[in-house]
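# Examining the three-dimensional arrangement
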Amino acid sequence: MDLKRFTAFWLVVIILLVAIGLTSPSLLKQVRLGLDLKGGFEILYVAEPIEEGKAVTPDSLKETARSLEQRANASGVAEPEVTTEGKDRIRVKLAGIENQEQVRELLKKPAELTFRGPDGKKELVGSDFVEGAATVVFDQANRPMIQIEVKNKEKFAEITSRLVGQPLAIYLDETELSAPIVQQALTDGKATITGSFTYEEAKKLKDVINLGALPLKLTEKYTQSVGATLGQQSLKETVQAGVIASILILLFMLALYRVPGFVASITLITFIWLQIVVFYWLNATLTLPGIAAFILGVGMAVDANIITYERIKEEIRSGKSLLSALKAGSKNSFRTIMDANITTILAGAVLYYIGTGAIRGFALTLILSIVISILTNVFLSRFLLNLLLRSKMFSKPGYYGVKEAEVREL
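Small disclaimer: the values here were computed from a predicted structure and weren't measured.

## Regarding empty space enclosed by the protein
Enumeration over the complete set of coordinates arrives at 3 cavities of 30 Å³ or more. Here the largest cavity defines a volume of roughly 90 Å³. Lining the largest cavity are 14 residues, and of these Thr308, Ser330, Asn377, Val378 and Arg382 lie nearest its centre. When residues of the lining of the largest cavity are traced back to their parent elements, those giving at least two are α9 (288-317), α10 (322-354) and α11 (358-391). When grouped by side-chain class, the residues that make up the lining of the largest cavity number 7 nonpolar, 6 polar and 1 charged.

## Concerning helix α5 (residues 153-162)
Inspection of α5 places Phe156, Ala157, Ile159 and Thr160 among the buried residues, and these make up the whole buried set. End-on, the buried residues of α5 take up no more than an arc of 165°, which puts them together on one face. Buried residues belonging to α5 abut β6 (122-125) and β11 (190-193). Between the side-chain oxygen of the N-cap and the backbone nitrogen of glutamate 154 there are 3.2 Å, and the N-cap of α5 in question is asparagine 152.

## Considerations on the sheet that holds β11
Pairing within the open sheet is antiparallel, and its 3 strands lie in the order β7-β8-β11. Bordering the open sheet on either side are β7 (135-138) and β11, each of which pairs with just one other strand. Strand-to-strand twist in this sheet, taken as the mean axis angle between neighbours without regard to direction, amounts to 35°. Here strand β8 (residues 144-149) pairs with β11 via 4 bridges, running antiparallel. By the bridge assignment for β11, isoleucine 148 is matched with alanine 191.

## A few points about the side chain of lysine 313
Within the element layout of this structure, lysine 313 appears in helix α9. Judged by relative accessible area, which is 6%, lysine 313 ranks as buried. When sequence neighbours within four positions are dropped, the list of residues in contact with lysine 313 reads Leu256, Tyr257, Tyr400, Gly401 and Val402.

## Concerning the packing of α9 against α10
Close contact between α9 and α10 brings their axes to 7 Å; oriented N to C, the two are set at 145°. Crossing geometry of α9 relative to α10 is assigned as right-handed. Here the residues of the contact of α9 with α10 sort into 11 nonpolar, 8 polar and 2 charged.

## As for the environment of leucine 205
Among the secondary structure elements, leucine 205 is positioned in helix α6 (residues 199-210). Using a relative accessible area of 4% as the deciding quantity, one classes leucine 205 as buried. Between the C-alpha atom of leucine 205 and that of serine 178, which follows or precedes it by 27 residues, the distance is 8.6 Å. The contacts of leucine 205, once residues within four sequence positions are left out, are Ile146, Ile170, Leu177, Ser178 and Phe197.

## Observations concerning the nonpolar core
Ranked by internal contacts, the top residues of the largest apolar core, which has 32 residues, are Phe9, Val263, Tyr309, Ile312, Ile316, Leu385 and Tyr400. Broken down by secondary-structure element, the contributors of at least two residues to this core are α1 (3-30), α7 (228-257), α8 (259-282), α9, α10 and α11. What valine 263 contacts, discounting residues up to four positions off in sequence, is Phe9, Tyr309, Ser381, Leu384, Leu385 and Leu388. Core analysis: the second largest hydrophobic core is formed by 23 residues, Ala134, Ile148, Val150 and Ile170 among them.

## Focus: the confidence of the model for the protein chain
Scored by pLDDT, the protein chain has a mean of 81; 89% of the residues are at 70 or more. Looking across the protein chain, the model is least confident in helix α4 (residues 100-108), with a mean pLDDT of 69, and most confident in α1, with 91.

## Focus on the sheet that holds strand β5 (residues 113-116)
The strand order across the open sheet formed by 4 strands is β6-β5-β9-β10, and the pairing between neighbours is antiparallel. The open sheet is flanked by β6 and β10 (175-178), the only strands paired with a single partner. Recorded for the sheet is a direction-independent mean angle of 35° between the axes of neighbouring strands.

## Considerations on the pairing of β5
Here β5 shows a buried face lined by Leu113 and Phe115 and a second buried face lined by Thr114 and Arg116. Pairing geometry for β5 and strand β9 (residues 169-172), over 4 bridges, is antiparallel. Counterpart to phenylalanine 115 in the pairing with β9 is isoleucine 170. Two elements, β5 and β6, share 3 bridges in a ladder whose sense is antiparallel. By the bridge assignment for β6, phenylalanine 115 is matched with leucine 124.

Rules used in this analysis
- Residue positions are counted from 1 within each chain, in the order its sequence is given.
- In keeping with the predicted nature of the model, local features appear solely for residues at pLDDT of at least 70, side-chain atom pairs appear and are counted solely at 80 or more, and the whole-chain, interface and lining totals rest on all residues.
- Working from all heavy atoms in the structure, the side-chain values ignore hydrogens and water.
- The definitions used throughout rest on a 1 Å grid laid over the protein atoms alone, on which a cavity is an enclosed set of points accommodating a 1.4 Å probe that cannot get out and a pocket is an open set flanked by protein within 12 Å on both sides along at least five of seven lines; lining residues are those having an atom within 4 Å of a point.
- Grid points are joined across faces, edges and corners, and a volume is the space filled by probe spheres set on the points.
- Think of it this way: any DSSP run of H or I at least four residues long counts as a helix, any run of E at least two long counts as a strand, and we number them from the N terminus.
- Each residue is assigned to one of three groups, with Ala, Val, Leu, Ile, Met, Phe, Trp, Tyr, Cys and Pro labelled nonpolar, Asp, Glu, Lys and Arg labelled charged, and all others, Gly among them, labelled polar.
- Using a 1.4 Å probe on the protein chains alone, a residue whose accessible area is under 20% of its type maximum counts as buried, one over 50% counts as exposed, and one in between counts as partly exposed.
- Throughout, the arc means that of the directions going from the helix axis to the C-beta atoms.
- By definition in these notes, contact holds between two residues if any of their heavy atoms fall within 4.5 Å.
- For this analysis, a polar contact is any N or O atom pair within 3.5 Å, provided that within protein one partner can donate a hydrogen and the other can accept it, and provided that sequence-adjacent residues contribute only side-chain to side-chain pairs.
- Whether two strands pair comes down to DSSP finding at least two bridges between them.
- Between N-to-C directions, angles cover 0 to 180 degrees, with each direction set by a line fitted to C-alpha atoms, over the stretch in contact for helices.
- In this scheme the handedness of a crossing depends on how the near helix is turned from the far one: anticlockwise by less than a right angle means left-handed, clockwise means right-handed.
- Within this scheme, the nonpolar core is defined by two criteria: the residues are buried Ala, Val, Leu, Ile, Met, Phe, Trp, Tyr or Cys, and they are joined through side-chain atoms within 4.5 Å.
- Along the chain, pLDDT gives the predictor's confidence residue by residue, from 0 to 100.

Have a look at this one:
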């Protein structure tokens, strides 16, 4: 009997269980819930240019999506999910909304770019600027600046003459982007905006000005509303079903595989915990399709354990020693497990590439589940079982679900 290995096994198990027990409550509270679990609404917008003859460009679509996200944040919505789809569509998911109509009215208004004087008066709007003329340049100290050009030189000259020494602030909706001071009257219709910009900040401001206040009109194509009560009920029922299924799976593994079943129970619990940790680290949103992929991942993890342990039982029945049976069974099962998992990962990657919204969430959760399953239910399981076998504490075939009468002589 090797007490060192037996002690090492229990030390690893205890450390894992303590870490899981201490961190799980706080992790579960901090996982973001989608609108189907928390309640809220989803809107699919079709974007159209306000001015006839214009086109919806990828840049204008992205900037409009960014503007929608800023508006949602300004209205008090926590962590809105705004994504672009195709050439002219934007999907907005807002969880935990009470006054839906007010937020919908706020979101669908075209964004407004304005240059305002110190008294708040709108001196210039986005359409006053020459399209595409704004550029990022650098001064002698290699600091980024934005060069702009207006269509009406006389109007610009009058404004800058009147506001010499005063700020001409740049606003997108009601958010101030910059407040440069007018240094002198500008008569050629061109100006340079200076400030303590990083290159990314200067580029973003340049893009906003070039887009002329994001001249896109948004039309609701599709809406879906989920009540907070219904969302909480869905979450409660899903969690209950998941807990009951997990308990039944653990009991099944213990009854059928004995010691390997106990190891499988530890690795399955670790697998579920690591899934939650990864969700927290990625700041991902948990939805019903995501939970479905999560549960499917648990099934794949159980399948990996069953394939490995059945191969080990076959090797024990053939008359091999327990350690030899572990090595041979693990080696023979590894390719089968990896083939199945890689095939599923490829299917998930295709779903993620061609899918949108909930489909992409399902695919990403499935891929992450499989990667974590390989780490826990293949490598960690093999490591723990190897420690137990080498400790020689459980040396009879019965501990591994094999009857003495089933063992053949070599």
